[in-house]
Amino acid sequence: VNGETLKIASGDEVELHKDTKFKIEKVKTKPDIGYVKCNFVGFVPKGKNTGQDIGYWISYKSLRKHRAIDKNKTKFELVVKKGEKILGKVYFKFI
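Quick caveat, the model's predicted, so the values are computed rather than measured.

**A short note on the overall build of the chain**
Helix and strand counts for the chain come out as 0 helices and 6 strands. Across the chain, helices and strands are ordered from the amino to the carboxyl terminus as β-β-β-β-β-β. The principal-axis extents of the C-alpha atoms in the chain amount to approximately 35 × 30 × 25 Å. By the burial criterion, 34% of the 95 residues in the chain qualify as buried. Summed over its atoms, the accessible surface of the chain is roughly 6,600 Å², and 49% of this surface lies on carbon and sulfur atoms. Once the 22 positive and 11 negative side-chain charges of the chain are each reduced to a mean point, those two points are 5 Å apart.

**Looking at the nonpolar core**
Counting 18 residues, the largest nonpolar core has F22, F40, L63, F92 and F94 as its most contacted members. Going through the elements one at a time, β1 (13-16), β3 (37-40), β5 (75-82) and β6 (85-94) are the ones with two or more residues in this core.

Calculation notes
Residues numbered from 1 in each chain as written. Predicted model: local features only at pLDDT ≥ 70, side-chain atom pairs only at ≥ 80, totals over all residues. Heavy atoms only, no water. Helix = DSSP H or I, 4+ residues; strand = E, 2+ residues; numbered from the N terminus. Buried < 20%, exposed > 50% of the residue type's maximum accessible area, 1.4 Å probe, protein only. Areas by Shrake-Rupley, 256 points an atom, 1.4 Å probe, with all protein chains shown as cover. Lys, Arg positive; Asp, Glu negative; His and termini not counted. Charge placed at Lys NZ, Arg CZ, Asp CG, Glu CD. Core = buried A, V, L, I, M, F, W, Y, C linked by side-chain atoms within 4.5 Å.

Shape descriptors only; they carry no functional weight alone.
Written out as structure tokens, the structure is:
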């Protein structure tokens, strides 16, 4: 975010300004389990929606607000999976 790498753990909530644009570049797990999917719920990249949102630019403007998890439509979840198993969730709140 803004040129910085964030270290985030499952269950964390990240607050971002609504005009912030960011990219998920990689996800590390401990222990390392290899390839994982990161689905930013509410974000659909151009082209095919595979549920893998690593490598795409994401902004509040690009989100489908009906997928927000709060009534103000400002909080979204990022779900990290290995196959069908959920490894963790991180919450993003746009202010």
